[in-house]
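Residues per chain are reported as follows:
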Amino acid sequence: MIVGDLLTLEDLHIQPAWTTPALLAREVTGVTSTDLPDPARYLRAGELVLTGLVWWRPDAADAALRFANSLRSAGAAALLAGEGTHGTVPPELADACRTHGVPLLSVPAGTSFRSVTDRVYLRLWGGLRARAEGAAALPAAVRADLARAVAADAPLADVLARAVTSLGLPDCSLRTAAGRTVAASGPGRPAADGAALPVGPPGHTPFDGWLLQPHESPRPAASALLRGLAEVLAPSAVRARAVAAARRRAAAGLLKLCELPDGAGADAALAACGLPGGQPLTATVARIGGEPEAWAAAALAEALHGAGGPFAAAPDGRGGAVGFAAAPAEEVLRALREAAPRLERRLPAGRSFRAGVGPAARPRGRELASALVQARYALDSRGAAQAVGGSDEVRSVDALLRGVPAEVRAAFRGRLLGALDAHDRENAVSLVRTLEVFLHHDASWARTAQALHVHVNTVHYRIKRIEDLTGRRLTRLQDRLDLRTALLCTPDREE
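Visitor: Sorry if this is basic, but what is going on with the overall build of the protein here?
Guide: Along the backbone of the protein there are 17 helices and 14 strands. Referenced to the eigenvectors of the C-alpha coordinate spread, the extents of the protein come out at roughly 95 × 60 × 45 Å. Per-residue burial for the protein yields a buried fraction of 49% across its 495 residues. Once local pairs closer than 6 in sequence are excluded, the contacts in the protein between residues at least 24 apart make up 67%. As displayed, the protein has an accessible area near 22600 Å², and 52% of this comes from carbon and sulfur atoms. The protein carries 57 positive and 51 negative side-chain charges, and their two centres are separated by 3 Å.

Visitor: How should the packing of helix α13 (residues 406-426) against helix α16 (residues 456-470) be read in this particular structure?
Guide: The packing of two helices is summarised by the inter-axis angle and the distance between the axes. Running from N to C, α13 and α16 cross one another at 125°; their axes reach a closest spacing of 8 Å. Viewed along their axes, α13 and α16 adopt a mutual orientation that is oblique. Regarding α13 and α16, the two cross each other, and that crossing is right-handed. Along its contact with α13, which presents Leu 416, Ala 419, Leu 420 and His 423, the element α16 presents Arg 465, Ile 466, Leu 469 and Thr 470.

Visitor: What should I look at first to understand the pairing of strand β5 (residues 104-107) in this one?
Guide: Residues in a regular strand project their side chains so that they alternate between the two faces of the sheet. Both faces of β5 are covered, namely the face carrying Leu 104 and Ser 106 and the face carrying Leu 105 and Val 107. Where strand β4 (residues 78-82) and β5 come together, 4 bridges link them in parallel fashion. Across the sheet, the residue bridging to Leu 80 is Leu 105, located in β5. Once the chain exits β4 it traverses helix α3 (residues 91-100) before rejoining the sheet at β5, and the crossover so formed is right-handed.

Visitor: I keep staring at the environment of Asp 153 and nothing clicks. Help me out?
Guide: Among the structural elements, Asp 153 can be located in the loop between α5 (140-151) and α6 (156-167). Asp 153 sits in the partly exposed class, given a relative accessible area of 43%. Separated by 178 residues in the primary sequence, Asp 153 and Glu 331 place their C-alpha atoms 29 Å from one another. Discounting residues that sit within four places of it in the chain, Asp 153 has contacts with Arg 114 and Arg 239. For Asp 153, the side chain forms a polar contact with the side chain of Arg 239, separated by 3.3 Å.

Visitor: Help me understand the pattern of salt bridges in this model?
Guide: Opposite charge on two side chains permits them to pair, given that their charged atoms come into close proximity. Evaluated as defined, the whole model comprises 22 salt bridges. Between Asp 153 and Arg 239 there is a salt bridge whose closest N-O contact spans 3.3 Å. Of this pair, Asp 153 sits in the loop between α5 and α6 while Arg 239 sits in helix α7 (residues 220-257), placing them 86 residues apart in sequence. In this structure Arg 239 comes out as buried when scored by relative accessible area, which is 5%. We note a salt bridge from Arg 342 to Glu 302, for which the minimum N-O separation is 3.2 Å. Highlighted residues: Arg 342 in helix α10 (residues 329-344) and Glu 302 in helix α9 (residues 293-304), separated in sequence by 40 residues. This pair shows no difference in class: Arg 342 is buried, exactly as Glu 302 is. Overlapping salt bridges, with partners in common, bring together Arg 114, Asp 118, Asp 153 and Arg 239 in one network.

Visitor: I'm lost on the nonpolar core in this one. Help?
Guide: One broad trend across soluble globular proteins is that nonpolar side chains are buried collectively. Of all hydrophobic cores here, the largest spans 32 residues; its most connected members are Phe 207, Ile 288, Val 332, Leu 336, Leu 343, Phe 353 and Val 388. Elements supplying a minimum of two residues to this core: β10 (281-288), α9, β11 (311-315), β12 (321-325), α10 and β13 (353-361). Ranked by the residues each element gives to this core, the list is headed by α9, at 9 residues. Those residues in contact with Leu 343 that lie beyond four places of it in its chain are Ala 178, Phe 207, Ala 299, Glu 302, Ala 303 and Phe 353.

Visitor: Could you clarify how one ought to interpret the pairing of β10 in this entry?
Guide: Of all the 8 residues making up β10, 7 are buried; the element is thus mostly covered by neighbouring parts of the structure. Direction of pairing for β10 relative to β12: antiparallel, over a ladder of 5 bridges. Considered in β12, the bridge of Thr 282 is made with Ala 325.

Visitor: Hey, could you run me through the sheet that holds β5 in this one?
Guide: Picture the strands of a sheet paired through backbone hydrogen bonds; they go either parallel or antiparallel. The mixed open sheet is built from 5 strands, whose spatial order is β1-β5-β4-β3-β2. Two strands bound the open sheet, and with one partner strand each, they are β1 (15-18) and β2 (30-33). Shown here is a sheet whose adjacent strand axes are inclined to one another by a mean of 30°, direction ignored. In this sheet, β4 lies alongside strand β3 (residues 47-51) in parallel orientation, the contact comprising 4 bridges. Opposite Leu 48, over in β4, you have Ala 78 as the bridge partner.

Each value, and the rule that gives it
Note that residues are indexed from 1 along each chain, following the sequence as it is written. For this predicted model, a pLDDT threshold of at least 70 governs which residues receive local features, and a threshold of 80 or more governs which side-chain atom pairs are given and counted, while totals over whole chains, interfaces and linings are taken from all residues. With hydrogens and water stripped out, all remaining heavy atoms of the structure feed into the side-chain values. Here a strand is any run of E in DSSP of at least two residues, a helix any run of H or I of at least four, and the numbering for each starts at the N terminus. For every residue, the accessible area (1.4 Å probe, protein chains only) is compared with the maximum for its type, and the residue is labelled buried under 20%, exposed over 50%, or partly exposed between those bounds. Any pair of residues with heavy atoms lying within 4.5 Å of one another is described as a contacting pair. To be clear on the numbers: accessible area is Shrake-Rupley with a 1.4 Å probe, and residue cover counts the displayed protein chains and nothing else. Charge convention: Lys and Arg are scored as positive, Asp and Glu as negative, and His as well as the terminal groups of each chain are ignored. Positions of charges follow a simple convention, taking NZ of Lys, CZ of Arg, CG of Asp or CD of Glu. Every axis in this analysis is a line fitted to C-alpha atoms, fitted for helices over the stretch in contact. Angles between the N-to-C directions lie between 0 and 180 degrees. Here the word oblique covers every angle except those under 35 degrees (roughly parallel), over 145 (roughly antiparallel) and from 65 to 115 (roughly perpendicular). By the definition used in this description, the sense in which the near helix is turned from the far one sets the handedness, with an anticlockwise turn below a right angle giving left-handed and a clockwise turn giving right-handed. DSSP-based pairing: two strands are paired if at least 2 bridges between them are found. Viewed with both strands pointing away, a crossover whose connecting path from the first strand over the helix to the second turns clockwise is right-handed. The definition of a polar contact used here is a pair of N or O atoms within 3.5 Å, where within protein one atom must be able to donate a hydrogen and the other to accept one, and adjacent residues in sequence count solely through side-chain atom pairs. A carboxyl oxygen of Asp or Glu within 4 Å of a side-chain nitrogen of Lys or Arg is what we treat as a salt bridge. To form a nonpolar core, buried Ala, Val, Leu, Ile, Met, Phe, Trp, Tyr and Cys residues must be joined to one another through side-chain atoms within 4.5 Å.

Set out below in structure tokens:
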């Protein structure tokens with residue numbers, strides 16, 4: 001397929017905004033949707049790039065040049081710009097594409113990105129020719145039957161079952177790269193990962209992409225047929241990715257909803273995400289340290305599939321991702337905890353998936369914003385051994401303090417216990433240890449003396465010294481609470 005083929009698809013109404021005959025002859029290898037201002041690292045050479053132009057603003061003079069340069073450096077085949085956001089393709093973008101030699105086509109508001117991606121991949125993969133050396137083509141009648149079912153968006157389990165029956169294949173599963181089962185032809189578990197075949201193009205994150213996995217090791221003849229089946233299923237994989245990309249774009253509207261007065265724009269934002277109106281939403285956040293927030297958004301969406309309700313997830317602009325699910329908070333927490341181990345297996349060494357789950361809240365600005373704050377705090381206050389924390393688990397001062405920034409905790413501890421630390425550095429007797437034991441035993445002189453293996457008079461002396469150095473009186477409840485809190489802020493409790 002070449003770029004110019006898009007102009008022949010009359011039902012899509014795609015028009016050239018700027019191009020040349022030579023550029024229209026570029027080969028197309030795939031298609032991706034993005035509204036990142038600099039998507040170069042997520043693109044592959046030869047891809048068509050679909051953008052809704054959410055990133056473009058009239059007052060950002062060089063934004064179009066940066067975007068076009070990003071596409072040129074990645075070797076993109078062409079840019080397809082949607083007219084839905086601004087009503088037209090900005091002239092500045094056409095000038096930028098001319099400067100960097102990137103063909104620019106316009107996609108009218110009435111043409112969905114899903115329609116474009118479907119047609120592109122049906123063109124790329126729909127011929128169903130076995131390209132691998134020695135691969136056997138599917139029987140023509142079976143190929144046509146399966147292709148019609150895929151084009152009609154039939155349930156994938158039915159498509160797999162039909163293929164297994166018609167071709168004499170072992171039962172198969174379609175699974176995501178992160179191990180979630182999308183559909184299966186029958187019961188059983190897939191064979192080893194070595195038997196997995198990619199379905200459709202590879203993704204931009206470790207969690208993208210589908211795999212076709214037989215439930216038993218296939219015979220040589222069946223292997224060739226499975227490769228043909230994987231090609232038949234490719235448009236469904238592309239379609240699913242396009243739907244996911246659209247959800248991510250729409251979820252950004254829910255983030256804006258958190259900043260608006262109660263009720264303003266709620267119905268439109270929810271409908272755009274495919275979320276039900278009037279139903280409480282559970283807020284979630286996720287982070288993958290050291291990796292793009294697009295990774296966190298893809299991982300969070302993968303996990304939310306298991307919550308049992310519609311959801312939307314998107315990058316949050318703060319290095320992570322945010323999600324909203326129309327499911328109870330306990331179900332969302334369960335789904336994320338079940339998914340976390342398989343998500344982490346997809347990450348490079350030293351990287352980890354971390355998430356927080358807030359309470360369910362009505363989709364109104366203040367309530368949703370409050371739930372999102374609690375979800376972020378749940379992430380920060382989770383235990384060191386936990387990948388996922390829930391806001392309802394913050395039930396102790398210790399848990400509460402874990403959500404306070406480490407710098408704030410360290411400063412608080414220094415103000416209250418700095419004099420004791422200085423004493424302990426110069427003396428064999430630890431006053432900090434004495435204070436910990438004294439408070440742990442509810443200020444009992446006798447039990448403290450027993451625990452420290454000293455005389456009770458020694459405890460009295462040490463406590464008097466602690467009071468003199470800290471300026472606090474351990475007979476007062478408030479001072480005990482303050483000093484206990486400072487002890488909980490000790491550095492070895494930080495993650």
